[in-house]
Amino acid sequence: MSSIENKKNMGIVTIAIAVFMCLFLVGIRMKYKTFVDSAETTTGYVTYVSEVNGTKARVTYRAYVKYTVDGVDYTTSFSEDASKMKVGDAICVYYEEGNPSNVITDIEVNYYNLGLLFPCLLLIGVGILLFIIGKKEENNHIA
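The structure presented is a predicted model; accordingly, all values stated were derived computationally and were not measured.

1. Points about unusual backbone geometry
For residues besides glycine, phi is generally negative; the peptide bonds are generally trans as well. Residue Asp-70 is not a glycine yet carries a positive backbone phi of 50°. Inspection of the secondary structure puts Asp-70 in the loop between strand S2 (59–69) and strand S3 (72–78). On the basis of relative accessible area, Asp-70 is assigned to the exposed category, the value being 77%. A positive phi angle, close to 55°, is found at Asp-81, a residue other than glycine. Tracing the sequence through the fold places Asp-81 in the loop between S3 and strand S4 (90–96). With relative accessibility at 30%, the residue Asp-81 sits in the partly exposed group.

Laid out in C-alpha cells, this is it:
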C-alpha cells in the first residue's frame, strides 16, 4: 500500500472514529436531556473534593455533593470538572421523582454539552485534511 493510499485511508478512518465519537456524545447528551426534562431539582453543596487517581502526567479528582430531598440527606459524586470545585460550592442536582438517589448534577450535564464536541470536530477536520492531502498527492502522482 502506497503512502498516498495510507493518507487517504487514515483520513477515512479518522473521520469514521470522529463521527462515532460525535454520535456517542449526542446519545449521552440526549440521555441527560431526557432525564433533566423530567427531573425534580434541589441544591446540593460540595462537601469534599478528593484526588482519586494521580500520576505525574494527570491527576483525577472526585467531588462529593450532599443534597436534601424531603428532609432526607443524600450524597452523590462526580469527576467531571471536579478539580474546579471547592467545598461549599452550590450545585444544582437533578433527581428522579420517587427515587432521589438517581441523580445527575448540572456540572455533568454541562460537561457533555459542548466540552467534548471540540475534539470530535478537530478529529473530523484532521481526517478531512489527511484525505485531501492523499487525494492531491494521488492527482500529482498521476499527472
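Continuing now.
2. Comments concerning the environment of Gly-134
Locating Gly-134 in the fold gives a position in helix H3 (residues 117–142). Relative accessible area serves as the criterion here: at 0%, Gly-134 is assigned to the buried category. Between the C-alpha atom of Gly-134 and that of Asn-9, which follows or precedes it by 125 residues, the distance is 8.5 Å.

Procedures and definitions
Residues numbered from 1 in each chain as written. Predicted model: local features only at pLDDT ≥ 70, side-chain atom pairs only at ≥ 80, totals over all residues. Heavy atoms only, no water. Helix = DSSP H or I, 4+ residues; strand = E, 2+ residues; numbered from the N terminus. Buried < 20%, exposed > 50% of the residue type's maximum accessible area, 1.4 Å probe, protein only.

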